[in-house]
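Read off the chains here:
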Amino acid sequence: MQKIIAANWKMYKTRAEARETAAALARHLKEKQPEGRQVIVYPPFTAIAEVAAALEGVTCAAAGGQDVYPAAEGAFTGEISPRMLQDAGASWVLTGHSERRHVLLESDELVGRKTAFALAQGLSVMLCIGETLAERESGQLRAVLQRQLQAGLAEIAPADVARLAVAYEPVWAIGTGKVAGPQEAGEAHAIARELLREIIGAAGESTPLLYGGSVKPGNAAGLLALDNVDGLLVGGASLDADSFAQIIFA
Ligand code: 13P
């Protein structure tokens, strides 16, 4: 089955830096076409057009936005619409990234509106979910994933499910160097798969389920081998084209 390998560049890289990294990545992908891999790069908004241009002609690769606002246009200072993302060359968008939830205090309900609206506007959406260390340690893993998935998918139209992916990123593993072990990741992915089936029915069986949190070239193959891990969402190790390419080809 095809695996999705995604790069989240967060608030890193100017346009020139993004162009350089995306061009180096495009060279890797043209030189050695990865079999069974779909690659997505989420640069900052200002660099989406540069990245989309650098990846043009690389059929397995696409660009995406890191966030989106759930309205076509309007008085929403600082926000960006699905159409603006598409105009810049994005076909994907992240919703509910843990940094949006925990640093920018986005609610589950807002994440749900973003997810449904972006899908309805034709974008493919990668909805991010994941528990904090305190939530995991107090036995709330399942409850947290259930709440985030239920709210995140509350308004999506059945016809749009084919363009949905879910990324499980335990908050305690993001940028900390602590990767979830096979047991922890395997357990969470099994729960997420079961919840997806409950919430969206049979289609939830084939919704790509990605793992994210301290993914590196050295642990990528092991994570991809786990049941219900259909891809990886990579932060720090995706900023360098060579290291991200090693993960893609893992
Ligand atoms: P790191 O790979 O840097 O831990 O970040 C993970 C992440 O948040 C990707 O969205």
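What you see is a predicted model, and the numbers here were worked out from it, not measured in a lab.

Asks: Give a detailed account of the nonpolar core, specifying residues and quantitative values.
Replies: Core analysis: the biggest nonpolar cluster contains 68 residues, and L25, Y211 and L232 have the highest contact counts within it. Counting residues per element, this core draws most heavily on helix α8 (residues 182–200), at seven residues. When near neighbours in sequence (up to four residues on either side) are disregarded, L232 contacts I4, I5, A6, L210, Y211, V215, A220, L223, L224 and I247. Listed in part, the 13 residues of the second largest apolar core include I40, A62, C128 and A165.

Asks: Pulling in residues and values, what's your account of the site of the ligand?
Replies: Taken together, N8, K10, H97, E169, A173, I174, G175, G213, S214, L233, G235 and G236 make up all the residues around the ligand. Here an oxygen atom of the ligand and a backbone polar atom of G175 are 2.6 Å apart. Contact with the protein chains hides 96% of the accessible area of the ligand, taken as 310 Å² for the molecule alone. Class assignment of the residues belonging to the shell around the ligand gives a composition of three nonpolar, seven polar and two charged.

Asks: Please give an account of the pattern of salt bridges that cites residues and values.
Replies: One pass over the full model with this rule turns up 16 salt bridges. Across the pair E106 and R100 runs a salt bridge, and its minimum N-O distance is 2.9 Å. Note on E106: relative accessible area 9%, which makes it buried. We classify R100 as partly exposed; its relative accessible area is 25%. Connected through salt bridges with shared partners, the residues D67, R100, E106 and K114 form a single ionic network.

Asks: Break down the packing of helix α7 (residues 141–152) against α8 for me, citing the residues and quoting the values.
Replies: Any two packed helices are characterised by how steeply their axes cross, that is the angle between the axes, and by the distance between the axes. Their axes nearest at 10 Å, the elements α7 and α8 cross at an angle of 40°. Our classification of the angle between α7 and α8 gives oblique. The two elements α7 and α8 meet at a crossing, and its hand is right-handed. Of the residues in α8, those in contact with L141, R142, L145, Q146, L149 and Q150 of α7 are E187, A188, I191, A192, E194, L195, L196, E198 and I199.

Asks: Give me the lowdown on the packing of aromatic side chains, citing residues and values where you can.
Replies: Each aromatic ring pair is described using two quantities: the centre-to-centre distance and the angle formed by the ring planes. The full count for this structure, using the stated rule, is two aromatic pairs. In this arrangement the basic side chain of K13 is found over the ring face of W9, its NZ or CZ atom lying 5.2 Å from the centre. The ring of F249 is capped by K32, whose NZ or CZ atom sits 4.4 Å from the centre of that ring.

What counts and how
Residues numbered from 1 in each chain as written. Predicted model: local features only at pLDDT ≥ 70, side-chain atom pairs only at ≥ 80, totals over all residues. Heavy atoms only, no water. Core = buried A, V, L, I, M, F, W, Y, C linked by side-chain atoms within 4.5 Å. Buried < 20%, exposed > 50% of the residue type's maximum accessible area, 1.4 Å probe, protein only. Helix = DSSP H or I, 4+ residues; strand = E, 2+ residues; numbered from the N terminus. Contact = heavy atoms within 4.5 Å. Near = heavy atom within 4 Å. Polar contact = N/O pair within 3.5 Å; in protein donor to acceptor, adjacent residues only side chain to side chain. Areas by Shrake-Rupley, 256 points an atom, 1.4 Å probe, with all protein chains shown as cover. Nonpolar A, V, L, I, M, F, W, Y, C, P; charged D, E, K, R; others polar. Salt bridge = Lys/Arg side-chain N within 4 Å of Asp/Glu carboxyl O. Axes fitted to C-alpha atoms, helices over the stretch in contact; angles between N-to-C directions. Parallel < 35°, antiparallel > 145°, perpendicular 65-115°, else oblique. Left-handed = near helix turned anticlockwise from the far one by under 90°. Phe/Tyr/Trp six-rings, centres within 6.5 Å; stacked < 30°, edge-to-face > 60°. Lys NZ or Arg CZ within 6 Å of the ring centre and 35° of its normal.

Geometry only, nothing functional implied.
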